[in-house]
Amino acid sequence: MTVRTKRIYEEPLPEDGFRVLVDRLWPRGVSKVRAHLDLWDKEIAPSTELREWFGHVPERFEEFARRYTAELEANPATAELERIVAEHPTVTLLYAAKDPVRQQATVLADYLRKHPA
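Computed from a predicted model, the values in this text were never measured in an experiment.

A. Summary view of the side chain of Thr 92. Residue placement: Thr 92 occurs in strand E4 (residues 90-95). Not counting chain neighbours up to four residues away, the residues in contact with Thr 92 comprise Arg 4, Thr 5, Lys 6, Asp 16, Phe 18, Arg 19 and Val 20.

B. Spatial organisation of the sheet that holds strand E3 (residues 39-40). Taken together, 4 strands build an open sheet; the order of strands is E1-E4-E2-E3 and the sheet is parallel. Looking at the sheet topology across the chains shown, the edges are occupied by strand E1 (2-7) and E3. As defined by bridge partners, strand E2 (residues 18-21) adjoins E3 across 2 bridges and the pair is classed as parallel. Pairing of Val 20 across the sheet is with Leu 39, part of E3. Sheet strands touched by helix H5 (residues 104-114): E1 and E4. Its angle to E1, the strand with the most contacts, is close to 180 degrees.

C. The pairing of E2, seen in detail. Here E2 shows no split at all, with Phe 18 and Val 20 on one side and Arg 19 and Leu 21 on the other all buried. For E2 and E4, the ladder comprises 4 bridges, and the chain directions are parallel. When the sheet's bridge partners are listed, Leu 21 is paired in E4 with Leu 94.

D. Broad picture of helix H3 (residues 61-74). Spanning 14 residues, H3 covers 20 Å between terminal C-alpha atoms, matching the ideal 20 Å at 1.5 Å per step. Taken together, the buried residues of H3 touch helix H2 (48-54), helix H4 (76-87) and H5.

E. A look at unusual backbone geometry. Although it is not a glycine, His 36 adopts a positive phi angle of roughly 50 degrees. Along the chain, the position of His 36 falls in the loop between helix H1 (32-35) and E3. The phi angle at His 56 is positive, at roughly 60 degrees, despite the residue not being glycine.

F. Highlighting the nonpolar core. Residues Ile 44, Tyr 68, Leu 81, Leu 93 and Leu 108 are the most contacted members of the largest nonpolar core, which totals 26 residues. At the level of secondary structure, the elements contributing two or more residues to this core comprise E2, H2, H3, H4, E4 and H5. The biggest single contributor to this core is H5, with 6 residues. What Leu 81 contacts, discounting residues up to four positions off in sequence, is Val 20, Asp 41, Ile 44, Leu 108 and Leu 112. Listed in part, the 6 residues of the second largest apolar core include Leu 21, Ala 35, Leu 94 and Ala 96.

Calculation notes
Residues numbered from 1 in each chain as written. Predicted model: local features only at pLDDT ≥ 70, side-chain atom pairs only at ≥ 80, totals over all residues. Heavy atoms only, no water. Helix = DSSP H or I, 4+ residues; strand = E, 2+ residues; numbered from the N terminus. Contact = heavy atoms within 4.5 Å. Pairing = 2+ DSSP bridges. Axes fitted to C-alpha atoms, helices over the stretch in contact; angles between N-to-C directions. Buried < 20%, exposed > 50% of the residue type's maximum accessible area, 1.4 Å probe, protein only. Expected span 1.5 Å × (residues − 1). Core = buried A, V, L, I, M, F, W, Y, C linked by side-chain atoms within 4.5 Å.

No statement about biological role is implied by the geometric values presented.
Below is the structure:
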């Protein structure tokens, strides 16, 4: 099982495997055709309250990661995504944020690697 992260604005590649958008909001300027999604999992994204609190402020990332992990542990959608990940050799979690490290897909990928189905 390989879980990767990638910005949705990057070109889709065959090695992306099963592509899952993990943002609650649709990314600006990306058509659904160009996205080449297998799944848009809005329910796995951080809550609106947490997303707005974080605001992509780098100094808040550690606390954001802690809070988002707690949300994942209580979220019924997490088990479904774990099952999907287990069914595919490679899953790429797609996000729209500009920071390739401090965003929810990184936290989610780490969580899925530590909690295989």
